[in-house]
Amino acid sequence: EVVLTTGTRLVRTTLTEFEDLLDPAAFLRVHRSAIVNLAAIDRAEPAGGGRLTVHLSNGRTVQASRSGARLLRARQL
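Every chain begins its residue count from 1, and numbering advances along the sequence as written. Given that this is a predicted model, residues contribute local features only at a pLDDT of at least 70 and side-chain atom pairs are listed and counted only at 80 or more, while totals for whole chains, interfaces and linings are drawn from all residues. As a rule here, side-chain values come from all non-hydrogen atoms in the structure, and water together with hydrogens is ignored.

With that settled, the discussion passes to helix α2 (residues 66-74). A 1.4 Å probe rolled over the protein chains alone gives each residue an accessible area, and that area as a share of the maximum for its type sets the label: buried under 20%, exposed over 50%, partly exposed in between. Runs of E in the DSSP output that reach at least two residues are strands. Runs of H or I that reach at least four are helices, and both are numbered from the N terminus. Among all positions in α2, only G68, A69 and L72 are buried. For α2, the arc enclosing every buried residue in end-on projection is 100°, short of the 170-degree limit, so these residues lie on one face. Residues of α2 that are exposed and point over 90 degrees away from its buried face: R70 and A74. Looking one or two residues past α2, Q76 carries a phi angle of roughly 60°, positive in sign. Each C-beta atom gives one direction from the helix axis, and the arc is the one those directions make.

Right, here's the structure in full:
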């Protein structure tokens, strides 16, 4: 499922294939099941165990894994 500003779309491709199509400067895979648009991040807060809860501008939240949290922190978000 891809969440857009205009709604959601169901796509028939793997997340890895989809990730390869996206601009790595604008999108980041923060979990094995989630890619986020960096411009859509409002804030990120600790979720314990090195993880982060990422709050997006559309009101949704995404859990970042430990490795995804490290990538976010490296980009100073």
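Two strands are said to pair when DSSP picks up at least two bridges between them. Strand order in the open sheet formed by three strands is β5-β6-β7, with antiparallel pairing between adjacent strands. Lying at the two open borders of the sheet, with one neighbouring strand each, are β5 (41-48) and β7 (61-64). Averaged over all pairs of adjacent strands, the angle between their axes in this sheet comes to 25°, without regard to strand direction. Judged from the four bridges that link them, strand β6 (residues 51-56) and β7 form a sheet pairing that is antiparallel. Within the sheet, the bridge partner assigned to V54 lies in β7 and is V62. Here, two residues are considered to be in contact whenever any of their heavy atoms come within 4.5 Å of each other. Axis definition: a line fitted to C-alpha atoms, over the contacting stretch in the case of helices. Angles run 0 to 180 degrees between N-to-C directions. Seen against the sheet, α2 touches β5, β6 and β7 and runs at an angle of roughly 65° to β6.

Whenever Lys or Arg places a side-chain nitrogen within 4 Å of a carboxyl oxygen from Asp or Glu, that contact is recorded as a salt bridge. Overall, the coordinates contain two salt bridges when judged by the stated rule. Its salt-bridge partner being R29, residue E19 comes within 3.2 Å of it at the nearest N-O pair. One end of the pair, E19, is in helix α1 (residues 15-21); the other, R29, is in strand β3 (residues 27-31), and ten residues separate them in sequence. Across the salt bridge formed by R43 and E45, the nearest N and O atoms sit 3.8 Å from each other. Classification of R43 by relative accessible area gives partly exposed; the value is 45%.

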